[in-house]
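What follows is the residue order along each chain.
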Amino acid sequence: VAAQARAVELEASAERERQARAGVEGQLELARKALADRDESLAVVRDMERVQRQMADGLEGERARVVELDKALAEKTRRVALLEAEVQAARERVGHAEAE
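Since this is a predicted model, take the numbers as computed values, not measurements.

(A) The arrangement of the overall build of the chain in detail. Scanning the chain from terminus to terminus reveals one helix and zero strands. A globule of 100 residues ought to have a C-alpha radius of gyration of about 13 Å, yet the chain, at 43 Å, is considerably larger. Structurally, the chain occupies a C-alpha span of about 145 × 10 × 5 Å along its principal axes. For the chain, the computed accessible surface area is about 9100 Å², with 58% contributed by carbon and sulfur atoms. For the chain, the separation between the mean place of its 18 positive charges and that of its 22 negative charges on side chains is 4 Å.

(B) The arrangement of the pattern of salt bridges in detail. The tally for this structure, following the rule as stated, stands at nine salt bridges. Here Arg18 and Glu11 are joined by a salt bridge, their closest N and O atoms 3.1 Å apart. Among the ionic pairs, Asp47 bridges to Arg50, the shortest N-O distance being 3.9 Å. Linking Asp47 with Arg50, this pair stays in helix α1 (residues 2-99), spanning three residues, or about one helical turn. Since its relative accessible area comes to 37%, Arg50 is described here as partly exposed.

(C) Geometry of the environment of Arg38. Structurally, Arg38 can be placed in helix α1. Separated by 58 residues in sequence, Arg38 and His96 place their C-alpha atoms 86 Å apart. Here the side chain of Arg38 touches Asp39 through a polar contact of 2.8 Å, side chain to side chain.

(D) Geometry of the environment of Lys71. Structurally, Lys71 can be placed in helix α1. Measuring from C-alpha to C-alpha, the distance between Lys71 and Ala85 comes to 21 Å, with 14 residues separating the pair along the chain.

Definitions and cut-offs
- Residues numbered from 1 in each chain as written.
- Predicted model: local features only at pLDDT ≥ 70, side-chain atom pairs only at ≥ 80, totals over all residues.
- Heavy atoms only, no water.
- Helix = DSSP H or I, 4+ residues; strand = E, 2+ residues; numbered from the N terminus.
- Rg over C-alpha atoms; globule rule 2.2 N^0.38 Å.
- Areas by Shrake-Rupley, 256 points an atom, 1.4 Å probe, with all protein chains shown as cover.
- Lys, Arg positive; Asp, Glu negative; His and termini not counted.
- Charge placed at Lys NZ, Arg CZ, Asp CG, Glu CD.
- Salt bridge = Lys/Arg side-chain N within 4 Å of Asp/Glu carboxyl O.
- Buried < 20%, exposed > 50% of the residue type's maximum accessible area, 1.4 Å probe, protein only.
- Polar contact = N/O pair within 3.5 Å; in protein donor to acceptor, adjacent residues only side chain to side chain.

Encoded structure:
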């Protein structure tokens, strides 16, 4: 009888251990899924950061190009002003020559 009671007690203890283990395994699986979700989210964030850096680099290149174009435009404007002044001076000389 004592052996039977001990066997029942051991079986009950083993069942509690199985249930506890199943509970821990379930929690472990949930933790693994959460970790996988976090890793996936982190990968998305890193991809977004990479794209943002690429866009910033592209914008920086465009900004540098705009600065170059602005400088070129300023130089062309200066040259046009000089040429217009030369044309005006030439017209005045022609006007003076014709007047003489």
